[in-house]
Amino acid sequence: MITAFRQYFALCGDLLYWLVVAPFRGRPWRMGHTFAQIVRIGVHAVPMSALTALTIGVVLAMQSAAQLAKLGATMYVPGLVSSSLVRELAPLITAVIVIGRSGSAVTAELGTMKVSEEIEALEVMAIPPMSWLIVPRFLAMVIMMPLLAVFGIYVGLAGGWLISHFSLHMDTAYYINHALQYVELRDVGIGMLKSGVFGVLIITIACSIGLNVSGGAEGVGLATTRSVVVSLLAVFIANAALTALFFF
Amino acid sequence: MSSKPPDSAAGEPLIEVEGLVRHFGKQTVLNGVSFKVYEGDTFVIMGGSGCGKSTLLRHLIGTEKPTAGSIKVFGKEITTMSDGELQKLRGRYGMLFQSGALLQSLTVAENVALPLVEHTKLDAGLIDTVVKMKLEQVGLTGHGHKKPSEISGGMKKRAALARALALDPPLVFSDEPTAGLDPIMTAVVDELTQRLTQKIGATVVVVTHDMNSVFRIGTRIIMLGTGANQGKIIAQGTPEEIRALPDPAVQQFINGEAEGDAGDDSGELLYRQTLLGGSEASRYALPATLSSKS
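Not measured: the values here are computed from a predicted model.

The rules behind the values
Residues numbered from 1 in each chain as written. Chains lettered and ligands numbered in written order. Predicted model: local features only at pLDDT ≥ 70, side-chain atom pairs only at ≥ 80, totals over all residues. Helix = DSSP H or I, 4+ residues; strand = E, 2+ residues; numbered from the N terminus. Buried ≥ 20, exposed ≤ 12 C-beta atoms within 10 Å, placed from the backbone. Contact = placed C-beta atoms within 7 Å. Axes fitted to C-alpha atoms, helices over the stretch in contact; angles between N-to-C directions. Parallel < 35°, antiparallel > 145°, perpendicular 65-115°, else oblique. Left-handed = near helix turned anticlockwise from the far one by under 90°. Nonpolar A, V, L, I, M, F, W, Y, C, P; charged D, E, K, R; others polar. Pairing = 2+ DSSP bridges.

Caption draft 1: Quick look at the overall build of chain A. Counting its regular elements, chain A contains 9 helices and 0 strands. The order of helices and strands in chain A, counted from the N terminus, is α-α-α-α-α-α-α-α-α. Overall size of chain A, expressed as C-alpha extent along the three principal axes, is 70 × 40 × 30 Å. When each of the 248 residues of chain A is scored for burial, the buried share is 46%. For chain A, restricting intrachain contacts to residue pairs at least 6 apart in sequence, the fraction spanning at least 24 positions comes to 87%.

Caption draft 2: Region of interest: the packing of helix 3 (residues 46-71) of chain A against helix 6 (residues 129-166) of chain A. All names here are of chain A. Running from N to C, helix 3 and helix 6 cross one another at 40°; their axes reach a closest spacing of 7 Å. Accordingly, the angle class assigned to the pair helix 3 and helix 6 is oblique. Along this stretch, helix 3 crosses helix 6, giving a crossing that reads as right-handed. Grouping the amino acids of the contact of helix 3 with helix 6 by side-chain chemistry returns 17 nonpolar, 8 polar and no charged.

Caption draft 3: Seen up close, the sheet that holds strand 1 (residues 15-24) of chain B. Residues and elements named next belong to chain B. With antiparallel pairing, 4 strands are arranged side by side in an open sheet as 2-1-4-5. Edge strands, defined here as strands with exactly one partner in the open sheet, are strand 2 (27-37) and strand 5 (76-77). Relative to strand 4 (residues 68-73), strand 1 runs antiparallel, the two being bridged by 5 bridges. Considered in strand 4, the bridge of Ile-15 is made with Val-73.

Caption draft 4: Local environment of the packing of helix 5 (residues 153-164) of chain B against helix 6 (residues 183-200) of chain B. All names here are of chain B. In contact at an axis separation of 11 Å, helix 5 and helix 6 are set at 10° when each is read in the N-to-C sense. With respect to helix 6, the element helix 5 is oriented roughly parallel. For the pair formed by helix 5 and helix 6, the contact residues are Gly-154, Arg-158 and Leu-161 on the first element and Met-185, Val-189 and Leu-192 on the second. Its residues assigned to classes, the contact of helix 5 with helix 6 shows 4 nonpolar, 1 polar and 1 charged.

Caption draft 5: Local environment of the sheet that holds strand 7 (residues 171-175) of chain B. Residue and element names in this part refer to chain B. Pairing within the open sheet is mixed, and its 6 strands lie in the order 6-7-8-3-9-10. One side of each edge strand has no neighbouring strand; the edge strands of this open sheet are strand 6 (93-96) and strand 10 (233-237). Across the sheet, the axes of successive neighbouring strands diverge by a mean angle of 10°, strand direction being ignored. Direction of pairing for strand 3 (residues 42-47) relative to strand 8 (residues 203-207): parallel, over a ladder of 4 bridges. Bridging across to strand 8, Thr-42 finds its partner in Val-204. Sheet strands in contact with helix 6 are strand 3, strand 7 and strand 8, and its direction is about 150° off that of strand 8.

Caption draft 6: Quick peek at the interface of chain A and chain B. Facing the 10 residues of chain A at the interface are 14 residues of chain B. Taken together, the residues of the side of chain A that touches chain B sort by class into 5 nonpolar, 1 polar and 4 charged.

Caption draft 7: Representation of the environment of Met-125 of chain A in the model. Secondary-structure assignment places Met-125 of chain A in the loop between helix 5 (118-124) and helix 6. Owing to 24 C-beta atoms within 10 Å, Met-125 of chain A belongs among the buried residues under this scheme. Taking the C-alpha atoms as reference points, Met-125 of chain A and Met-75 of chain A, separated by 50 residues in sequence, lie 64 Å from one another. Every residue in contact with Met-125 of chain A, bar those within four places of it in the chain, is listed here: Leu-114, Pro-115 and Glu-118 of chain B.

See the structure below:
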């Protein structure tokens, strides 16, 4: 446990150096690698996070409609859907999806590279694994998480619209108007900040656990599970903390 | 046992190891290892499984830090070196890993090109030519476009050798270069190693337990012991000197005999005692079900 924390903070320190200091010492970010990772970590996650966000939007609209109908207040459905998506659910759901498909993949990939001596080979070839492997993944994650969350907000709103329009017979313009009415720019900003923080947590945890794998194929499997569990915990705790900080 | 350098090796040693000790927990893997490698040598580190050969090699390339002792490579102490200095030094040697350690995400040709792309300012066309030459040297012409997962274990090893030699380094480390290769490819790799030292003047440090290779390519040999001599040099010298050594552990290893002093085999009496839970049993980490008396 203590070793894991030490490894984690050591990685974060290294990462900070390679992100901030190294580019000014003739070791620029590897943009080619970063774009490749943006595609793998971010773009390929779009269909899944879209589908999840759509179901969440639909469910939000259905649940709130069922409750609000009792009060005769179904006109608040769009606002409820939009504010919960923007403030909480879109960043959180996106993070869960990204942990499941990208965080675990990063841990498994780095872990496999570690046990097959590839990381050591990079070091011995004087190619720092930090610059070759970790920085591109970090940049890709931090760029793509907020974008995926924004995308999730749109798709979730579309899910809410499906229920509002076809079941509650709301006008589309009315739905959009009301949805926007309950969201401020600040909410969007905080939602983006949240997903940025989640991205940092997910990728640093995935990399730290992946780079410290030992024990062959079994070790890689265990590490991948641990990466997912620890990332989920970290994201939910961070979410609670950020919500308390900004909305409470 | 002779410790004087061969005639070809004049001047400063390229690698100088002094009193190297390494513990993993309570286990002593290297126990006071000292030797020198001179320019132009093909220096062979041999010994049974678990004697610490690969660990020793990892110390020489600076990926492991010793518990005690000093290691000088190109005259510079690497045990206390910063990462930055180590990086610079690493540009001057090539390393062939036991498993090959090719990057799975790149093709074979890209793997070989990697050191050239990273550490030289050659243009793409020239790099392409060099890569083709290197692949031809190890008999992999026409396999450059394949991913490492699509080629056999022996081919991976040869590709890794091509990568290690990409920059024509003056010093090459090689961990079990011929393990898993067929006899012909073993000869090819051995010949390549010899050509390195004879034509380019490179120095090669090889870890191996392939006796044919040892005597074919080695100019200086050390042997690490197992069991009671764990992590100690039990023999060193030229191939002829090693062959002539009367030490039974060395002879057993060279001739590949099952019974003898070397290795973990500690005789039938001890074996029986261990099985039956005798006093010696506690010294050996057998599963509790085997070693407990009850």
